[in-house]
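In case you want the letters, here they are:
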Amino acid sequence: MIRDPMMVEREKIAKRKEQLRKKFEEEYDDSEDGPKMGFYEQKKQEIETQLETNRAEFENDDPVTRAMVEGYRPGSYVRLLIKDMPCEFVENFDPTYPILVGGLLTSENQFGWVQVRIKRHRWHPKTLKTNDPLIFSMGWRRFQSIPIYSLNDGTRNRMLKYTPEHMHCLATFYGPVHTPNTGFCAVQNVADNKSSTFRISATGVVVDISQSTEIVKKLKLTGYPAKVYRNTAFIKDMFTSALEVAKFEGANIRTVSGIRGQVKKALSSPEGQFRATFEDKILMSDIVFLRAWYPVKPRKFYNPVTSLLLSSKQDWQGMRSTGQVRKELSLHAPQNADSIYKAKPEEKKIYTLMQQLNTLRNEKTRKRKLKDTERRENLEKKKAKVEKTNVLKEKERRKEYFRKEQKNKK
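Residues numbered from 1 in each chain as written. Predicted model: local features only at pLDDT ≥ 70, side-chain atom pairs only at ≥ 80, totals over all residues. Heavy atoms only, no water.

A closer look at the overall build of the chain
- Along the chain, the regular secondary structure elements total 7 helices and 15 strands.
- In terms of its C-alpha atoms, the chain occupies a principal-axis envelope of roughly 185 × 75 × 55 Å.
- Counting only residues that meet the buried cut, the chain has 22% of its 410 residues in that class.
- Long-range pairs, those at least 24 residues apart, make up 66% of the contacts in the chain with a sequence separation of at least 6.
- Of the roughly 32,500 Å² of accessible surface on the chain, 53% is carried by carbon and sulfur atoms. (Helix = DSSP H or I, 4+ residues; strand = E, 2+ residues; numbered from the N terminus. Buried < 20%, exposed > 50% of the residue type's maximum accessible area, 1.4 Å probe, protein only. Contact = heavy atoms within 4.5 Å. Areas by Shrake-Rupley, 256 points an atom, 1.4 Å probe, with all protein chains shown as cover.)

In structure tokens, the structure reads:
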């Protein structure tokens, strides 16, 4: 039977109007059905209605059929068959130790770089360090990984050596991916159960899941002028090859005195030197430095916590941090002799300064006395010379006078 298209269209319009009317009444008309239900109450009522429908539909079926169709009902005892289970789990099974069984989503079986927003717990006594292993409890998994901490300054993720105090930062590590906003907590060790300090090291949430990470740290390269012209100079000891210079062509450089410049081109010889232009003529004693950013890659490390395979569930030991290894082997951290601060007592500084001032004062006094003596000697010599000249002139004058007197007498 072929229905009239006009009638079919009218029935669709009438059905649509009826749905809109019911929706309007559910939202704004509370007089007939009582108070308006929220989203949670509405979903709860839909679940209850569906359960009643299922119960009425499968009421006459046997339990096996009902379990196959609608699943096992809450409160039922079930037996789980787990394949590929390690034999150590059966050999070291402890009936008094509770075990939680959960399922993983299909997306949670993938691995990649996980970026989280993390904050050190206020009660944890130690600051967390980059590249120190940390045990994460995220979702159904407990695993150990090596995070790198960073902070976003608006343009890039700058690597942090330590977690900041009383504020969040970003951490990137390799592990199973989880949906964003998944919460987690982190500890440094699960074996130390009798520790007197607070064990939870940090808490946070998952921010992003990505296959690549872009974390950079500051890199400062220094060089020295080899030849200086008017506004051009040849710089040495900053790069080791022409390939490195080509990578930084056009980069901004600066001297210690504040003169800005730019890397132009590598020289043919010697290897590693390049030509640079500056705003003004630089000095041979200037130090030229270049500020750059060096990419840092997190280590691809994932170690699941397998404490259930041990006879003693508290003896699981994962990767140790560098500080723990040095402590157990009684080793000291490597130190650069030039980086050690040598504190001098303040009294010695004052005494040395006063001694230098006295030396300068005595030196000035000695030089002044020498100059005064030399000036006095020169003045005495000049006076003696003038006096000698005057005596000679007086003798000549007297001779001339007596000669004239004798002529007049004759």
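Re the domain arrangement of the chain
- The domains assigned to the chain are domain 1 (109-208) and domain 2 (218-295).
- Computed from C-alpha atoms alone, the centre-to-centre distance between domain 1 and domain 2 is 40 Å. (Domains from an automatic or database assignment.)

With respect to a nonpolar patch on the surface
- There is a patch of nonpolar side chains on the surface, built from Tyr72, Val78, Leu80, Ile82, Met85, Val90, Phe93, Ile99 and Val101 and spanning about 930 Å² of accessible area.
- With respect to the helices and strands, the residue valine 78 is situated in the loop between helix 3 (63-70) and helix 4 (87-91). (Patch = residues over 30% accessible without salt bridge, like charges linked within 9 Å, V, L, I, M, F, W, Y side chains within 5 Å. Salt bridge = Lys/Arg side-chain N within 4 Å of Asp/Glu carboxyl O.)

Examining the nonpolar core
- The biggest cluster of nonpolar side chains holds 17 residues, and the ones touching the most others in it are Ile235, Met238, Phe239, Ile253, Phe274, Phe278 and Leu290.
- Broken down by secondary-structure element, the contributors of at least two residues to this core are strand 10 (232-236), strand 13 (274-278) and strand 14 (288-296).
- With residues near it in sequence (within four places) discarded, phenylalanine 274 still touches Ala233, Phe234, Ile235, Met238, Phe239, Val245, Ile253, Val263, Lys265, Ala266 and Leu267.
- Membership of the second largest hydrophobic core comes to 16 residues, among which are Met138, Cys169, Ala186 and Ala202. (Core = buried A, V, L, I, M, F, W, Y, C linked by side-chain atoms within 4.5 Å.)

Some details on the pattern of salt bridges
- Following the criterion strictly, the structure yields 10 salt bridges and no others.
- Between glutamate 363 and arginine 366 there is a salt bridge whose closest N-O contact spans 2.6 Å. Here glutamate 363 pairs with arginine 366, and both are found in helix 7 (residues 346-409), just 3 residues apart, close to one helical turn.
- For arginine 397, the salt bridge identified is with glutamate 394, shortest N-O distance 2.4 Å. Taken as a pair, arginine 397 and glutamate 394 lie in helix 7 at a separation of 3 residues, close to a single helical turn.

A look at the packing of aromatic side chains
- Applying the stated criterion across every chain, the model contains 14 aromatic pairs.
- Their ring planes at 70° and their centres at 5.4 Å tell us that tryptophan 113 and tyrosine 174 sit as a pair that is edge-to-face. Linking tryptophan 113 in strand 1 (residues 111-120) with tyrosine 174 in strand 6 (residues 169-176), this pair joins segments that are 61 residues apart in sequence. Here tryptophan 113 matches tyrosine 174 in class, with each residue buried.
- Ring centres of phenylalanine 143 and tyrosine 302 lie 5.3 Å apart, and the angle between their planes is 40°; on these two criteria the pair is classed as tilted. In this pair, phenylalanine 143 is assigned in strand 3 (residues 141-145) and tyrosine 302 in the loop between strand 14 and strand 15 (303-304), connecting sequence segments 159 residues apart.
- By relative accessible area, which is 0% here, phenylalanine 143 ends up buried.
- An aromatic cluster is defined as three or more aromatic residues linked by ring pairs; in this entry it consists of Phe111, Trp113, Phe136, Phe143, Phe173, Tyr174, Phe184 and Tyr302.
- Of note, lysine 220 hangs over the ring of phenylalanine 289, and the distance from its end group to the ring centre comes to 5.3 Å. (Phe/Tyr/Trp six-rings, centres within 6.5 Å; stacked < 30°, edge-to-face > 60°. Lys NZ or Arg CZ within 6 Å of the ring centre and 35° of its normal.)

Notes on the environment of lysine 264
- Assignment of secondary structure puts lysine 264 in strand 12 (residues 260-266).
- When the C-alpha positions of lysine 264 and glutamate 59 are compared, they lie 85 Å apart, and in sequence the two are 205 residues distant.
- Every residue in contact with lysine 264, bar those within four places of it in the chain, is listed here: Glu249, Arg275, Ala276 and Thr277.
- Within polar-contact distance, the side chain of lysine 264 engages the side chain of glutamine 262 at 3.3 Å. (Polar contact = N/O pair within 3.5 Å; in protein donor to acceptor, adjacent residues only side chain to side chain.)

Comments concerning the pairing of strand 11 (residues 252-255)
- Burial along strand 11 is one-sided: Ile253 and Thr255 are buried, while Asn252 and Arg254, pointing the other way, are not.
- Of the pairings in the sheet, the one linking strand 11 to strand 12 comprises 3 bridges and is antiparallel in character. In the strand pairing of strand 12, isoleucine 253 is matched with glycine 261.
- In this antiparallel pair of consecutive strands, strand 11 and strand 12, the connection spans 4 residues, and glycine 258 shows a positive phi of 100°.
- Two elements, strand 11 and strand 14, share 2 bridges in a ladder whose sense is antiparallel. (Pairing = 2+ DSSP bridges.)

Regarding the environment of valine 207
- With respect to the helices, strands and loops of the structure, valine 207 is situated in strand 8 (residues 200-210).
- For the pair valine 207 and arginine 66, spaced 141 residues apart in sequence, the C-alpha separation works out to 41 Å.

Regarding unusual backbone geometry
- Of note, the bond from serine 269 into proline 270 is cis; its omega dihedral lies within 30 degrees of zero at -10°.
- Relative to the assigned elements, proline 270 resides in the loop between strand 12 and strand 13.
- Its identity is not glycine, yet asparagine 181 carries a phi of approximately 70°, on the positive side.
- Positionally, asparagine 181 belongs in the loop between strand 6 and strand 7 (183-187).
- Phi at serine 330 is positive, roughly 55°, even though this residue is not glycine.
- Within the secondary structure layout, serine 330 lies in the loop between helix 6 (322-328) and helix 7.

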